[in-house]
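Chain by chain, the residues:
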Amino acid sequence: MREDHGPNLLLYSLSELRPSEARRKFRQSIFEDYLLRGPHGQAACAYCGKWHERLTLDHIVAKSKGGPHYARWNSVPACFSCNSSKSNLGLFEWWRPQRFWSQEREEALMTWVYVQSFVSAHTIEGQTKGAMDGKE
Ligand SMILES: [Zn+2]
């Protein structure tokens, strides 16, 4: 198998995995790729910047509000505390009044959303074609 961490191959390899393994890889890829990092390059909470706590995967747009489940643009690392306090609230409604909100983290998050939705808009079609051709 080719070693490539581009989004095409990531999606392709996810489709080959058992669901539990695919979910683990998906989560790991978000933790690895999200721009905001801790002081030693660790994954950090997208909202408050904590990096020394166990991180969860948060849906920016909650599933209850129609946010997609496994979409990279809608998935960010979040500490347990942010994830549970945000709950089903709207992103900015919840985030901006928080003491830990910062312009820098908001820009990092918006960049993630734009870049990841751009990437998926330009890769899904190729993926589908490849799958229909039955090519390896
Ligand atoms: Zn947090």
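Above: the structure in question.
The following paragraphs examine the structure supplied in this document. (Residues numbered from 1 in each chain as written. Predicted model: local features only at pLDDT ≥ 70, side-chain atom pairs only at ≥ 80, totals over all residues. Heavy atoms only, no water.)

## A few points about the overall build of the protein chain
Here's step 1: Scanning the protein chain for helices and strands turns up 6 helices and 2 strands.
Here's step 2: Overall, the protein chain shows an N-to-C arrangement of helices and strands of α-α-β-β-α-α-α-α.
Here's step 3: Relative to its 136 residues, the protein chain shows a buried fraction of 38%.
Here's step 4: The long-range share in the protein chain, meaning contacts at least 24 apart out of those at least 6 apart in sequence, stands at 59%.
Here's step 5: As presented, the protein chain carries roughly 8,600 Å² of accessible surface, and 55% of it is formed by carbon and sulfur atoms. (Helix = DSSP H or I, 4+ residues; strand = E, 2+ residues; numbered from the N terminus. Buried < 20%, exposed > 50% of the residue type's maximum accessible area, 1.4 Å probe, protein only. Contact = heavy atoms within 4.5 Å. Areas by Shrake-Rupley, 256 points an atom, 1.4 Å probe, with all protein chains shown as cover.)

## Quick notes on the side chain of K86
Here's step 1: Take K86: it is sitting in helix α3 (residues 80–86).
Here's step 2: A distance of 2.7 Å separates a polar atom in the side chain of K86 from the backbone oxygen of H59.
Here's step 3: Residues in contact with K86, not counting those within four places in the same chain, are Y47, D58, H59, I60, L91 and W94. (Polar contact = N/O pair within 3.5 Å; in protein donor to acceptor, adjacent residues only side chain to side chain.)

## Overview of helix α5 (residues 103–121)
Here's step 1: The terminal C-alpha atoms of α5, which comprises 19 residues, lie 27 Å apart, in line with the 27 Å expected from a rise of 1.5 Å per residue.
Here's step 2: Considered for burial, the residues of α5 that qualify are R105, E106, A108, L109, W112, V113 and Q116. Down the axis of α5, the smallest arc covering the buried residues is 160°, so these residues share one side. Facing away from the buried surface of α5 by more than 90 degrees, the exposed residues are E104, Y114, F118 and A121.
Here's step 3: If you follow the buried residues of α5, they end up packed against α2 (19–33), β2 (75–79) and α4 (91–95). (Expected span 1.5 Å × (residues − 1). Arc of directions from axis to C-beta.)

## A look at unusual backbone geometry
Here's step 1: Backbone geometry at S87 places phi at a positive 50°, although glycine is not the residue there.
Here's step 2: Judged by its relative accessible area of 42%, S87 falls in the partly exposed class.

## Looking at the pairing of strand β1 (residues 55–59)
Successive side chains on a regular strand alternate, one facing one side of the sheet and the next facing the other.
Here's step 1: Taking burial as the measure, the 5 residues of β1 include 5 buried ones, the bulk of the element.
Here's step 2: Burial of β1 is two-sided: the residues L55, L57 and H59 facing one way and the residues T56 and D58 facing the other way are all buried.
Here's step 3: In this sheet, β2 lies alongside β1 in antiparallel orientation, the contact comprising 5 bridges. Its bridge partner being in β2, T56 is matched across the sheet by A78. (Pairing = 2+ DSSP bridges.)

## So, the pattern of salt bridges
Here's step 1: Counting across every chain of the model gives 5 salt bridges.
Here's step 2: A salt bridge links R24 to E21, with the nearest nitrogen and oxygen atoms 3.2 Å apart. Taken as a pair, R24 and E21 lie in helix α2 at a separation of 3 residues, close to a single helical turn.
Here's step 3: Judged by its relative accessible area of 43%, R24 is partly exposed. (Salt bridge = Lys/Arg side-chain N within 4 Å of Asp/Glu carboxyl O.)

## Re the pairing of β2
Here's step 1: Among the 5 residues in β2, 5 count as buried, and that is most of the element.
Here's step 2: On β2, burial covers both faces: S75, P77 and C79 on one face and V76 and A78 on the other are all buried.

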